[in-house]
Amino acid sequence: MNRINLINVITRIENRYGLPVILNIIDKESLEIRPLDLDKGTGFCIKVTLGWRNIVAEFIPDNYSKNLISIMGLADEKQKLLFKIMLLSILHSGKEIEMIINNESFSPSRPDSWPSEWKSLYLKSVNYPVISERLSSIDLQNNVVDIACSILALLIPLLPLEETATGDETTIGLPEGALTRVEVNKYERSSLNREACIMVHGCKCAVCKLEFESFYGPIGRDFIHVHHILPVSTVGSGYIINPSTDLVPVCPNCHSMLHKRNPPYMVEELKSIIAKKS
Ligand SMILES: [Zn+2]
Ligand SMILES: [Zn+2]
């Protein structure tokens, strides 16, 4: 793992989830990623290991993370829905996910079958074939970010993040008193919805099909706008956004055209406007 650029990996994970992390290289085959805001001992780390023809990420709780784990077991419907959406897109990308709760294997895709009292949790994501000796350092970095994010994408919906609205921005932290000095702050639920939308639909404009990375090269990687099909103002505050049906990735040009009318044009409408014109 000595070949990877730490800053690059940290920045990409932080940009994706708004979650500050630290990264330690353990040895040639493995590294560890920890949320910066969780105290060592009561939090967790994600261990990434290059194996024989595969790459693996594991959720490793700290020795005294009992509180954190039991709170994750109490996830509500909204959290479980987001978990499921994340899971489906991870499975769709070809990875294998293993979930062990209280030393027993559970289907991650059936949150209704999980026990409600969690004493221990183990999560593993495997991607293969990944042949480490053939990877350039850029490819290795991409693989590390990708596999680490697959575990983070599953964990974040289960973390007890509390939304506190401050003006336009939504900051999220763990409920006060639930855990001593364990806090994940400045986390935006909206960035999680955005990420879920991209995981489901990809980074391609739903209208004109432009993909920034294929057009602009590496600087275009991960770039896209996310449009709310239903304007935020027309849905109530208690509305649960479903990132796979309520959000859609669009390029900035098509995004502006969708908003040429209020309420905005639907994706299919804009597509037929473009088709009619030619
Ligand atoms: Zn477009
Ligand atoms: Zn929009």
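What you are looking at is a predicted structure, and each value in this text was computed from that prediction instead of being measured. What you see as residue numbers is a count from 1 along each chain, following the sequence as written. The naming scheme follows written order: chains are lettered A onward, ligands numbered 1 onward. In view of the model being predicted, local features appear only for residues whose pLDDT reaches at least 70, and side-chain atom pairs are presented and counted only at 80 or more, with totals across whole chains, interfaces and linings using the full set of residues.

## Regarding the overall build of the protein
Counting its secondary structure elements, the protein contains 8 helices and 11 strands. Exposure criterion: with C-beta atoms placed from backbone coordinates, a residue whose C-beta has 20 or more other C-beta atoms within 10 Å is buried, one with 12 or fewer is exposed, and one in between is partly exposed. For the protein, buried positions account for 30% of its 278 residues. Counting contacts in the protein only where the partners sit at least 6 residues apart, residues at least 24 apart contribute 57% of the total. The secondary structure listing takes helices from DSSP runs of H or I that are at least 4 residues long and strands from runs of E that are at least 2 residues long, numbered from the N terminus. Here contacts are defined at the residue level, using C-beta atoms placed from the backbone and a cut-off of 7 Å between them.

## Here's the deal with the sheet that holds strand S3 (residues 44–50)
Across the sheet, which stays open at both edges, the 7 strands sit in the order S1-S2-S3-S4-S7-S5-S6 with antiparallel pairing between neighbours. Of all the strands in the sheet, just strand S1 (21–25) and strand S6 (104–106) have a single pairing partner and so form its edges. Averaged over all pairs of adjacent strands, the angle between strand axes in this sheet comes to 20 degrees, irrespective of strand direction. Whether two strands pair depends on DSSP finding at least two bridges between them. In this structure, S3 lies alongside strand S4 (residues 55–61), joined through 7 bridges in antiparallel fashion. Residue pairing across strands places Val-48 opposite Ala-57, the latter belonging to S4. Angles run from 0 to 180 degrees between N-to-C directions of axes, and those axes are lines fitted to C-alpha atoms, restricted for helices to the stretch in contact. Along the sheet, helix H1 (residues 6–17) makes contact with S1 and strand S2 (30–35), crossing S1 at roughly 145 degrees. Lying on the sheet, helix H4 (residues 137–155) is in contact with S2, S3, S4 and strand S7 (121–127); it crosses S4 at an angle near 40 degrees.

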